[in-house]
Amino acid sequence: MSVPTDSPAVAVARAHVEAWSNHDFDTARHLLADGVEVTAISTNPALPQTHLTGADSYMAGLTAYAQPIVPGSVRILASTGDERNALLTMTMTMAGGPFGAGATAPCARLYVLDDDNKIKTEQVIFYVAGL
């Protein structure tokens, strides 16, 4: 069985990543359900585990994370999904922040959409070596 790499949920996830990674936070916010939940983890103890609920809390955390991303540096390595679920793996280049200037920051992002095709749940796994 073939797994689609360009599905409705993948399209929303890609649009969301494109928006916040280019500091278009209004568009990123528009793609979220009001009660969105996000969990972000890493095995690196220098990065805090995060669990946020609600679009306002999510956007506060996302804005702080995304500000030091070099706009245009995100590269989607792989994507798969269906009508409501998407998984993206990607890298991006940081201009500063906890990853450090010039660092490549790989991550995987798992999404679930609601009935209005808004992001209801996001789970993020960061890999950061050498922190």
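Residues numbered from 1 in each chain as written. Predicted model: local features only at pLDDT ≥ 70, side-chain atom pairs only at ≥ 80, totals over all residues. Heavy atoms only, no water.

Here we look at the environment of L52
Tracing the backbone shows L52 in strand β2 (residues 50–53). Note on L52: relative accessible area 23%, which makes it partly exposed. Once residues within four sequence positions are removed from consideration, L52 is found in contact with V36, E37, V38, S57, Y58 and G61. (Helix = DSSP H or I, 4+ residues; strand = E, 2+ residues; numbered from the N terminus. Buried < 20%, exposed > 50% of the residue type's maximum accessible area, 1.4 Å probe, protein only. Contact = heavy atoms within 4.5 Å.)

Some remarks on the packing of aromatic side chains
One pass over the structure, following the stated rule, counts two aromatic pairs. Taking 5.8 Å as the distance between ring centres and 65° as the angle between the ring planes, the aromatic pair formed by W20 and Y65 counts as edge-to-face. With W20 in helix α1 (residues 8–21) and Y65 in helix α3 (residues 55–66), the pair connects residues that are 45 residues apart, well separated along the chain. Here W20 falls in the buried class, since its relative accessible area comes to 0%. Owing to a relative accessible area of 14%, Y65 belongs among the buried residues under this scheme. Aromatic side chains Y65 and F126 sit 5.3 Å apart centroid to centroid with 50° between the ring planes, which places their arrangement in the tilted category. Here the residue Y65 occupies a position in helix α3, and F126 occupies one in strand β6 (residues 119–126), the gap between them amounting to 61 residues. For the residue pair Y65 and F126, the accessibility class agrees, reading buried in each case. (Phe/Tyr/Trp six-rings, centres within 6.5 Å; stacked < 30°, edge-to-face > 60°.)

Some remarks on α3
The end-to-end C-alpha distance of α3 is 15 Å, a good match for the 16 Å that twelve residues give at a rise of 1.5 Å each. When we look at burial in α3, the residues that qualify are A55, Y58, M59, L62, Y65 and A66. Down the axis of α3, the smallest arc covering the buried residues is 125°, so these residues share one side. More than 90 degrees from the buried face of α3, the exposed residues found are D56, A60 and A64. In this fold, the buried residues of α3 make contact with α1, α2 (25–30), β1 (32–42), β2, β5 (107–113) and β6. (Expected span 1.5 Å × (residues − 1). Arc of directions from axis to C-beta.)

So, the layout of surface pockets
Its volume calculated, the largest pocket comes out at about 400 Å³. What lines the largest pocket is a set of 20 residues, among which A40, T50, G61, Y65 and F126 lie closest to the centre. At the level of secondary structure, the elements contributing two or more residues to the lining of the largest pocket comprise β1, β2, α3 and β6. With five residues, α3 is the single largest residue contributor to the lining of the largest pocket. Across the lining of the largest pocket, the residue classes tally to 16 nonpolar, two polar and two charged. (1 Å grid on protein atoms, 1.4 Å probe; cavity = no way out; pocket = protein on both sides within 12 Å on 5 of 7 lines; lining within 4 Å. Points joined across faces, edges and corners; volume = space filled by probe spheres on them. Nonpolar A, V, L, I, M, F, W, Y, C, P; charged D, E, K, R; others polar.)

Describing unusual backbone geometry
For H23, which is not glycine, the phi dihedral falls at a positive 65°. You can see H23 is positioned in the loop between α1 and α2. Its relative accessible area of 27% is what places H23 among the partly exposed residues. The phi dihedral of N117 is positive, around 60°, even though this residue is not glycine. Assignment of secondary structure puts N117 in the loop between β5 and β6. Its relative accessible area of 36% is what places N117 among the partly exposed residues.

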